[in-house]
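Geometric and topological summary
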Amino acid sequence: MSVGVLRLRLSARRGRVRERIAGYLFVAPAILLLGAVLAYPAFVSLRLSFTVAGSPTGLGLDQYRLLLRSSLFWQVVRQTGTFVAISVGAHLILGMLLALALNRPLMGRTPLRIMVLLPWVVPDVVAGIVWKWILNPLYGVLNDVLLELHLVQSPLEWIASPKLALFSVILANVWRGFPFVMVILLAGLQAIPEELYEAAAIDGAGPLASFRHITLPGLRKVLVVALALDTIWEVRRFGLIQAMTGGGPGTLTEVLSTQVFKQYFQFFRFEYASAMAMAMTALLLLISIPYVRMIVREE
Amino acid sequence: MPGLFSSRSPLAAAAIYTFLLAVGVYVIFPFLWMLLTSLKTETEALQIPVVWLPVRPTLKAYAVMWIRKNYAVYFLNSTVVSLITALLSSLLGALAGYGFSRFALRGRGVLMGFVLTTQMLPGVLVVGPYFKILSAVGLYDTRTGLIIAFLTICLPFATWMLKGFIDGIPRELDDAARVDGCSWLGIFARIVMPLVLPGLVATILFAFLLAWGDLLWVSTLTHSESMVTVTLAIARTVQEFYVNWPELMAGALIGGVPSILLYLLMQRWLVQGLTAGAIKQ
């Protein structure tokens, strides 16, 4: 092997090493920052959740035992489940119907498409506040309209009523969340080739058949993305509920995020709150598995 | 184009337009009601039956909120903190996105999994310890502390979004510049960034909206009046014993308008940015 070839190989290898170092330098700031401000505090919470009462260094499952025995915890889990399931379900149905409607040549389609994302753009606190006002039992405009149309006999209590409180919060949350799902689904619809529908029509497929056999399979990927992201966001939803009801009346609209917040910053039960937050994290990671797997497979 | 609503009968068309009208009312009415209420006097807002249009519209509620209730300060706080967060997270996210997109890093899968996982963590998991850490290093109740906290929400998204955009730019451009002796950083700054500009704008906007809309972190990491952001101010006002609704609606609009304006100005890029990752095959 001549010296020249050797030198060339050496410099090529040095180039590759240098390239790898450059790559690490590009990702380092983000990774280090996320490690410091997210991974480390998460680890502190994890450690805190295994605290044993009366022993500063001991590790145990005391907090989790306490958590699983608390009827309030299970009530909050149920309410979170209801809140997330109905919100995401309604986002999906409304988002899908609207995306299908907007995926056709219609008058005023573009302004409508732009306008519809507005609720998703404003802070969720703002959404909570305005719906709180619309649903005000005494002066609220919705009661006024319902009474005027004779749909109800007497004003509904909405967020003050044990029966309607959670539903009222969900109503506001549906308003805020369905536009995102719509936008993602519409983009998915537009990526489905027109020819597929034409071919199906020639084969005599009706609208329902072509929806089932062309639209739905074509949307599989965007559906996973939209559902996963939406579910994760709704499980974490905090500002809307905090501003609208603060978890009340009583604890009837408490969800996991508001409850962890209260346990931590109002009752100062740091260890217990951490255990609850860990349970919530486990739930979120579980939900995100299909999404993460899809992304990893693509890479 | 057809899909489910393919029948061209007038009945179907009528059904679609009715549906669109209903959705349009559902979407727009709360904004309209916010605006109308904010222009009323308190007496007018509390009349039964409801007065739909303010008889003599007044901007008094805005004046009260902006000046006497300090919303000018809160607005400035929100703007400064969200803007710096958005720019910083997009810059760091672009660097990391470039690194992930272009380099065969060892442990790339693990690192990207890490970024993706941080995106799933709930804020309430870290907000408590984070509060203690900030207090220990003297950053509690400062804008800097808040910005660092907001980075945790924005950076994972920014990295992920921008990696997607950079993936869409042909590698050959990099290689050509590399042959011409351009450094990696030079390629990043002079070739990749200009091409990825629409995506960058979308990311900055998205990060801004996330930071601007936050309530959890500001309620835990600040306590003094001069650090309050608009969202925190609105959330506090609604919890007061006595609520003046025209004023609160004015406050809510003050908190919503920047997001709305920025979105309207840049909606094309935002929608592209949100959907690029989802429909990329």
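Residues numbered from 1 in each chain as written. Chains lettered and ligands numbered in written order. Predicted model: local features only at pLDDT ≥ 70, side-chain atom pairs only at ≥ 80, totals over all residues.

**Remarks on the overall build of chain B**
The condition is simple: Think of it this way: any DSSP run of H or I at least four residues long counts as a helix, any run of E at least two long counts as a strand, and we number them from the N terminus. Exposure criterion: with C-beta atoms placed from backbone coordinates, a residue whose C-beta has 20 or more other C-beta atoms within 10 Å is buried, one with 12 or fewer is exposed, and one in between is partly exposed. Note that contacts rest on C-beta atoms placed from the backbone: two residues are in contact if these are within 7 Å.
Across its full length, chain B carries 13 helices and zero strands. Sequence-ordered secondary structure for chain B, helices as α and strands as β, is α-α-α-α-α-α-α-α-α-α-α-α-α. Seen through its C-alpha atoms, chain B measures out along the principal axes to roughly 75 × 65 × 30 Å. Split into buried and exposed, the 281 residues of chain B put 48% on the buried side. Taking all contacts inside chain B whose residues are at least 6 apart in sequence as the whole, residues at least 24 apart take part in 78%.

**Observations concerning the overall build of chain A**
As a reminder of what qualifies: Restricting the calculation to C-alpha atoms gives the radius of gyration, and the globule rule supplies 2.2 Å times the number of residues raised to the power 0.38.
A tally of helices and strands in chain A yields 14 helices and two strands. In summary, chain A has a C-alpha radius of gyration of 26 Å against a globular reference of 19 Å for 299 residues, an excess of more than 25%. The principal-axis extents of the C-alpha atoms in chain A amount to approximately 100 × 75 × 30 Å. Relative to its 299 residues, chain A shows a buried fraction of 44%. Sequence separation of 24 or more characterises 70% of the internal contacts of chain A that already satisfy a separation of 6 or more.

**What about the pairing of strand β2 (residues 55-59) of chain A?**
All names here are of chain A. Rules: Strands were regarded as paired on the criterion that DSSP finds at least two bridges between them.
Of all five residues in β2, zero are buried, a share of ten percent or less. Taken together, the two bridges between strand β1 (residues 51-52) and β2 define a ladder with antiparallel strand orientation. What sits directly across from valine 52, in β2, is serine 55.

**Details of the confidence of the model for chain A**
Stated precisely, the cut-off is as follows: Note on scores: pLDDT gives the predictor's confidence for each residue, bounded by 0 and 100.
When pLDDT is averaged across chain A, the result is 90; 97% of the residues are at 70 or more. Per-element confidence in chain A is highest for helix α3 (residues 71-102) of chain A, whose mean pLDDT is 96, and lowest for β2(A), whose mean pLDDT is 78.

**Thoughts on helix α9 (residues 184-195) of chain B**
At 3.6 residues per turn, the α-helix brings residues three or four places apart onto the same side. Residue and element names in this part refer to chain B. Rules: Multiplying 1.5 Å by the residue count of a helix minus one yields the expected span of that helix. The arc in question is the one traced by the directions running from the helix axis out to the C-beta atoms.
Across its 12 residues, α9 extends 16 Å between first and last C-alpha, which sits within 8% of the 16 Å expected from 1.5 Å per residue. Along α9, the residues that are buried comprise Trp184, Ile187, Phe188 and Val192. Considered in projection along α9, the buried side chains sweep an arc of 95° and stay on one side of the axis. Turned more than 90 degrees away from the buried face of α9 sit Arg190 and Pro194, all of them exposed.

**As for the interface of chain A and chain B**
Let me state the cut-off plainly: Under this grouping Gly is polar, as are all residues other than the nonpolar Ala, Val, Leu, Ile, Met, Phe, Trp, Tyr, Cys and Pro and the charged Asp, Glu, Lys and Arg.
If you look at the interface, chain A gives 83 residues, while chain B gives 83 residues. By residue number, the principal contributor to the side of chain A that touches chain B is helix α1 (residues 3-49) of chain A, which donates 18 residues. Partitioning the side of chain A that touches chain B into residue classes produces 63 nonpolar, 12 polar and eight charged.

**Brief notes about unusual backbone geometry**
Residue and element names in this part refer to chain A. Between glycine 248 and proline 249 the backbone carries a cis peptide bond, its omega angle lying at 0°. Mapped onto the secondary structure, proline 249 falls in the loop between α12 (239-244) and α13 (256-265). Even without glycine at this site, tryptophan 158 takes up a positive phi of about 45°. A residue is classified by how many C-beta atoms lie within 10 Å of it, and tryptophan 158, with 23 of them, is buried.

**Examining the domain arrangement of chain A**
Residues and elements named next belong to chain A. Rules: For each domain, the first and last residues come from an automatic or database assignment.
For chain A, the assigned domains are domain 1 (3-49) and domain 2 (66-298). Every contact between the two is made by four residues of domain 1 and, on the other side, six residues of domain 2. Class assignment of the residues belonging to the side of domain 1 that touches domain 2 gives a composition of two nonpolar, two polar and no charged.

**Comments concerning the packing of helix α7 (residues 143-167) of chain B against helix α10 (residues 197-213) of chain B**
All names here are of chain B. What counts, and what does not: Axes here refer to lines fitted to C-alpha atoms; in helices the fit is confined to the stretch in contact. Angles between the N-to-C directions go from 0 to 180 degrees. An angle counts as roughly parallel when it lies under 35 degrees, as roughly antiparallel when it exceeds 145, as roughly perpendicular when it falls between 65 and 115, and as oblique in every other case. Helix crossings fall into two classes, left-handed where the near helix is turned counterclockwise from the far one by less than a right angle and right-handed where it is turned clockwise.
Two elements in contact, α7 and α10, have axes whose closest approach is 9 Å; the angle formed by their N-to-C orientations is 160°. As the angle between them shows, α7 and α10 are arranged roughly antiparallel. As α7 runs across α10, the sense of the crossing is right-handed. Judged by residue contacts, Phe150, Ile153, Cys154, Phe157, Ala158, Met161, Leu162 and Phe165 of α7 engage Gly199, Leu200, Thr203, Phe206, Ala207, Leu210 and Ala211 from α10.

**Description of the domain arrangement of chain B**
All names here are of chain B. Each assigned domain of chain B is listed here: domain 1 (3-38) and domain 2 (60-279). Inter-centroid distance (C-alpha atoms) of domain 1 to domain 2 is 32 Å. When the residues that make up the side of domain 1 that touches domain 2 are grouped by side-chain class, the tally is two nonpolar, two polar and no charged.

**Some words on the packing of helix α2 (residues 62-69) of chain A against helix α14 (residues 270-298) of chain A**
The description of two helices packed together rests on the angle between their axes and the distance between the axes. All names here are of chain A. Look at α2 against α14: their axes get within 9 Å of each other, and the N-to-C directions meet at 75°. On the basis of the axis angle, α2 is roughly perpendicular to α14. Contacts between α2 and α14 involve Gln63, Tyr64, Leu66 and Leu67 from the first element and Glu271, Tyr272, Ala275, Met276 and Ala279 from the second. A class-by-class count of the residues in the contact of α2 with α14 yields seven nonpolar, one polar and one charged.

**Digging into helix α1 (residues 10-38) of chain B**
All names here are of chain B. Rule in force here: Note on bend: at a given residue it equals the angle between the axes fitted to the 7 residues ending there and to the 7 starting there.
For α1, built from 29 residues, the straight-helix expectation of 42 Å at 1.5 Å per residue is met to within 8% by its first-to-last C-alpha distance of 41 Å. Of all the bends in α1, the largest measures some 35° and sits at isoleucine 28, one to four residues before the proline proline 30. Leu20, Val23, Val27, Pro30, Trp33, Met34, Leu36, Thr37 and Ser38 are the residues of α1 that are buried.

**Quick notes on the environment of Pro29(A)**
Within the secondary structure layout, Pro29(A) lies in helix α1. It is 36 Å that separates the C-alpha atoms of Pro29(A) and Thr80(A), two residues lying 51 residues apart in sequence. In contact with Pro29(A), other than residues within four places in its own chain, are Leu92(B) and Leu95(B).

**Here's the deal with the environment of Arg78(A)**
Residues and elements named next belong to chain A. Mapped onto the elements, arginine 78 comes out in helix α3. What makes arginine 78 exposed here is the crowd of 11 C-beta atoms within 10 Å. In the structure, arginine 78 is positioned 177 residues away from valine 255 in sequence and 8.5 Å away in space, judged by C-alpha atoms.

**Brief notes about the confidence of the model for chain B**
On average, residues of chain B carry a pLDDT of 89, and 95% of them reach 70 or more. In the predicted complex, the global pTM is 0.91; the interface-specific ipTM is 0.91.

**Overview of the environment of Gly81(A)**
Residues and elements named next belong to chain A. As for its position among the elements, glycine 81 is in helix α3. A residue is classified by how many C-beta atoms lie within 10 Å of it, and glycine 81, with 14 of them, is partly exposed. When the C-alpha atoms of glycine 81 and valine 255 are compared, they prove to be 8.6 Å apart, with 174 residues separating the residues in sequence.

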